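Summary of the model geometry
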Amino acid sequence: MHLTDRTDYGLRVLLFLAQRPSPRPRPARVLAEAFSVSESHLAKVIQALAACGYVRTVPGRGGGVVLAADPQELTLGAVVRALEPMTIAPCFGGDTTCPYVGRCGLAGVLDDAQQAFLHVLDGKTLHQAVQATGPQAG
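This one's a predicted model, so the numbers in the text were calculated from it and none came from an experiment.

**Observations regarding the environment of Tyr9**
For Tyr9, the position within the fold is in helix α1 (residues 5-19). A residue is classified by how much of its surface remains accessible, and Tyr9, at 12% relative accessible area, is buried. Expressed as a C-alpha distance, the spacing of Tyr9 and Arg61, which sit 52 residues apart in the sequence, is 24 Å. What Tyr9 contacts, discounting residues up to four positions off in sequence, is Phe35, Val37, His41, Leu42 and Val45.

**Re the pattern of salt bridges**
For the structure on display, the rule yields three salt bridges. Notably, a salt bridge pairs Arg29 with Glu33, separated by 3.9 Å at the nearest N-O pair. Placement of the pair is Arg29 and Glu33 together in helix α2 (residues 28-35), with a separation of four residues, close to one helical turn. The partner of Arg81 in a salt bridge is Asp122, and the shortest N-O contact between them spans 2.6 Å. Here the residue Arg81 occupies a position in helix α4 (residues 76-83), and Asp122 occupies one in helix α5 (residues 106-122), the gap between them amounting to 41 residues. When its relative accessible area of 37% is taken as the criterion, Arg81 is described as partly exposed. For Asp122, a relative accessible area of 31% corresponds to the partly exposed category.

**Description of the environment of Pro23**
On the secondary structure map, Pro23 appears in the loop between α1 and α2. Overall, the relative accessible area of 81% leaves Pro23 in the exposed class. The spacing of Pro23 and Ala132 is 109 residues in sequence and 23 Å in space, taken between C-alpha atoms.

**Here we look at the pairing of strand β2 (residues 64-67)**
Two elements, strand β1 (residues 55-58) and β2, share four bridges in a ladder whose sense is antiparallel. Of the residues in β2, the one forming a bridge with Thr57 is Val65. Hairpin geometry of β1 and β2 is characterised by an intervening segment of five residues between the two adjacent antiparallel strands and by a positive phi of about 90° at Gly60.

Procedures and definitions
Residues numbered from 1 in each chain as written. Predicted model: local features only at pLDDT ≥ 70, side-chain atom pairs only at ≥ 80, totals over all residues. Heavy atoms only, no water. Helix = DSSP H or I, 4+ residues; strand = E, 2+ residues; numbered from the N terminus. Buried < 20%, exposed > 50% of the residue type's maximum accessible area, 1.4 Å probe, protein only. Contact = heavy atoms within 4.5 Å. Salt bridge = Lys/Arg side-chain N within 4 Å of Asp/Glu carboxyl O. Pairing = 2+ DSSP bridges.

Printed below as a string of structure tokens:
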């Protein structure tokens, strides 16, 4: 399975904020520079994370983004489900042009694989990912 850039950067933002706990908001510009991505693209990702309640945005001078979720409670599976379009195959997205729709043995196998993938992510929290990555400066 290949995660979209949106999900990849969403996970990176959360990891960045959890690795560098601070009561001060982190400007989107700082995060964009850290990931070598445009600030406007990252702003859309941050908006999606805020809509899920994973981060909180602070407007104005000195504003930015802060982690709103508890890293020990937030599972990577929840983040991926919230950000990733979960259509591993076109038929999962409602494509009915395949001649095997309704009688395909592949759909069940792919669904099982997707569920196994998510099950692994459900067993890991943001805190565990931070611990595996190690502390960061800044």
